[in-house]
Amino acid sequence: SSGINAEYGTEINDKRWGQCEEMTEDTTTGSKDAEAYALRNHKYYWIFIFGSLLQGIGATPPGIAGSTYMDEIFPQKAFGIAISVLYVISFVGFPLSMILGSIYLKYYVTLDPPPGLTIDDKEWVGAWWMGMFYPSLAVTILSFFVGLYPRQMPAAKKVLRDKIKNGIT
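Residues numbered from 1 in each chain as written. Predicted model: local features only at pLDDT ≥ 70, side-chain atom pairs only at ≥ 80, totals over all residues. Heavy atoms only, no water.

### Let's talk about the overall build of the protein chain
Along the protein chain, the regular secondary structure elements total five helices and zero strands. Tracing the protein chain from N to C terminus, the helices and strands come up as α-α-α-α-α. Counting every position in the protein chain, which comprises 169 residues, the buried fraction comes to 16%. Considering only residue pairs separated by 6 or more positions, the protein chain has 42% of its internal contacts joining residues 24 or more positions apart. Accessible area for the protein chain stands at about 13200 Å²; split by element, carbon and sulfur atoms hold 68% of it. (Helix = DSSP H or I, 4+ residues; strand = E, 2+ residues; numbered from the N terminus. Buried < 20%, exposed > 50% of the residue type's maximum accessible area, 1.4 Å probe, protein only. Contact = heavy atoms within 4.5 Å. Areas by Shrake-Rupley, 256 points an atom, 1.4 Å probe, with all protein chains shown as cover.)

Set out below in structure tokens:
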């Protein structure tokens, strides 16, 4: 094999790297032992479950607090458009980061590939994390400025008075 295997003498599924093991065929029965495979790799399943749990915890407050905050600062006529924009951005943002991540797969995961390793080698691992890193960095920077907003927007008192006057709240 070419690339990193030739230089470092490793195999793609080398146990030292802690990768998931390939489901191999049992030579005595001719069948794949799915149960043994699942037992060997179950720890990775829980890592993904934990990641999904963290994503859910992180995505819930902006949806709830953002809607409430927007309801307080926007007049009734503008609230529908504002909430629509919030949900469209939430809906489109994740797929866009995935598309961005797929573009970055042509760069090596550490941004500095080992000598002799090319994108055509089986050992190539693309920089999948960059598609989520840059949008996360942008959101972090923007959230700093959102955090500087006052507890109550100056126009919110007028909006609240109008809503009470019209019997909305």
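This is not the end of the story, as more comes after the structure.
### Observations concerning the packing of helix α3 (residues 76-103) against helix α4 (residues 130-147)
At a minimum axis separation of 7 Å, α3 and α4 run at an interaxial angle of 130°. Between α3 and α4, the interaxial angle falls into the category oblique. Contact residues: Phe94, Ser97, Met98, Leu100 and Gly101 in α3; Gly131, Met132 and Pro135 in α4. Split by residue class, the contact of α3 with α4 holds five nonpolar, three polar and no charged. (Axes fitted to C-alpha atoms, helices over the stretch in contact; angles between N-to-C directions. Parallel < 35°, antiparallel > 145°, perpendicular 65-115°, else oblique. Nonpolar A, V, L, I, M, F, W, Y, C, P; charged D, E, K, R; others polar.)

### With respect to the confidence of the model for the protein chain
Looking at the protein chain as a whole, the pLDDT averages 76, with 75% of positions reaching at least 70. Ranking the helices and strands of the protein chain by mean pLDDT puts α3 first, with 85, and helix α1 (residues 4-8) last, with 51. (pLDDT = per-residue confidence, 0-100.)

### What to know about the side chain of Ser67
The topology assignment puts Ser67 in helix α2 (residues 34-73). Among the polar contacts listed, one links the side chain of Ser67 to the side chain of Tyr87, at a separation of 3.1 Å. Leave out the neighbours within four places in its chain, and Ser67 touches Pro62, Phe79, Ile83, Leu86 and Tyr87. (Polar contact = N/O pair within 3.5 Å; in protein donor to acceptor, adjacent residues only side chain to side chain.)

### Observations regarding the packing of aromatic side chains
For any two aromatic rings, the description comes down to two numbers: the centre-to-centre distance and the angle of the planes. As enumerated under the stated definition, the model contains seven aromatic pairs in all. Centre to centre, the rings of Tyr104 and Tyr107 are 6.0 Å apart; their planes meet at 45°, and the pair counts as tilted. Residues Phe133 and Tyr134 carry aromatic rings whose centres are separated by 5.3 Å and whose planes lie at 70° to one another, so their mutual orientation is edge-to-face. The rings of Tyr104, Tyr107, Trp129, Phe133 and Tyr134 are connected pair by pair, giving a single aromatic cluster. (Phe/Tyr/Trp six-rings, centres within 6.5 Å; stacked < 30°, edge-to-face > 60°.)

### So, the environment of Gln76
If you trace the backbone, Gln76 turns up in helix α3. Among the residues examined, Gln76 registers a relative accessible area of 54% and is labelled exposed. In this structure, the C-alpha to C-alpha distance between Gln76 and Ile168, residues 92 residues apart in sequence, is 9.0 Å. The contacts of Gln76, once residues within four sequence positions are left out, are Lys163 and Ile168.

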